[in-house]
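# Structural features, examined
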Amino acid sequence: NHPDAVFLMRTNVDVKTNAAAIKSAGSLLAKNIFVSKETADKAFPIMSNIVIKPNLTLRGQWDARYTVEGTMGVQTDCNFVEGMIGSLKELGPTSNQFYIREANYAVSDLTDGGYIDMAKRTGIDFKDVSAKVGVISEDELQWVDVPGGVWFKKIPSLWPVNTSGSILI
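The shown structure was predicted, so the numbers you read here are calculated from the model rather than taken from an experiment.

### Thoughts on the packing of helix α1 (residues 19-33) against helix α2 (residues 78-90)
The N-to-C vectors of α1 and α2 enclose an angle of 45 degrees; their axes lie 6 Å apart at closest approach. In terms of their interaxial angle, α1 and α2 are classed as oblique. Crossing angle aside, the handedness with which α1 passes α2 is right-handed. Where α1 approaches α2, its residues Ala19, Ile22, Lys23, Ala25, Gly26, Ser27, Leu29, Ala30 and Lys31 are matched on the opposing element by Asn79, Phe80, Glu82, Gly83, Met84, Ser87, Leu88 and Glu90. Considered class by class, the residues forming the contact of α1 with α2 number 8 nonpolar, 5 polar and 4 charged.

### A look at the confidence of the model for the protein chain
With 76% of its residues at a pLDDT of at least 70, the protein chain reaches an overall mean of 81. Ranking the elements of the protein chain by mean pLDDT puts helix α3 (residues 107-112) last, at 69, and α2 first, at 94.

### Description of the pattern of salt bridges
Tallied over the full model, the rule gives 5 salt bridges. Across the pair Lys31 and Glu90 runs a salt bridge, and its minimum N-O distance is 3.9 Å. Separated by 59 residues along the polypeptide, Lys31 in helix α1 and Glu90 in helix α2 bring together distant segments of the chain. Look at Lys31 and you get partly exposed, because its relative accessible area is 47%.

Calculation criteria
- Residues numbered from 1 in each chain as written.
- Predicted model: local features only at pLDDT ≥ 70, side-chain atom pairs only at ≥ 80, totals over all residues.
- Heavy atoms only, no water.
- Axes fitted to C-alpha atoms, helices over the stretch in contact; angles between N-to-C directions.
- Helix = DSSP H or I, 4+ residues; strand = E, 2+ residues; numbered from the N terminus.
- Parallel < 35°, antiparallel > 145°, perpendicular 65-115°, else oblique.
- Left-handed = near helix turned anticlockwise from the far one by under 90°.
- Contact = heavy atoms within 4.5 Å.
- Nonpolar A, V, L, I, M, F, W, Y, C, P; charged D, E, K, R; others polar.
- pLDDT = per-residue confidence, 0-100.
- Salt bridge = Lys/Arg side-chain N within 4 Å of Asp/Glu carboxyl O.
- Buried < 20%, exposed > 50% of the residue type's maximum accessible area, 1.4 Å probe, protein only.

What follows is the structure, given as structure tokens:
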């Protein structure tokens, strides 16, 4: 009933380096939010693209509060995302329906943060947008009109964000 809702969940992960516990927490979150269409009469059908935007920011290696041997950072842990993807796949979607899209990162942060390896393990589509502005092909963009926009009348997102039937997590 609330498609724009934001969900928060406190976990019992003991330390932020416990990959198995973090993956389990991600799996649990997905199992508590998403259900099979067969078990819920008002479930959103997961037949289209599932876009995951995991807050891929810089890893914060310049600030000791964000690091454990310089590797943690302020982005969503890739193990948590992998746990969610695993639970969602149990409901029927396949790897080719999952897309991670983000535009505020450095490629080294993705490698160090485990996202490149996680994308390979899960088979999902992970777009590297480290290319210079203007290099991304027009067919990789999804334009959205901004009625009454002051600065912009249209804003692009990376495909498949904002496509018909897509889900944004």
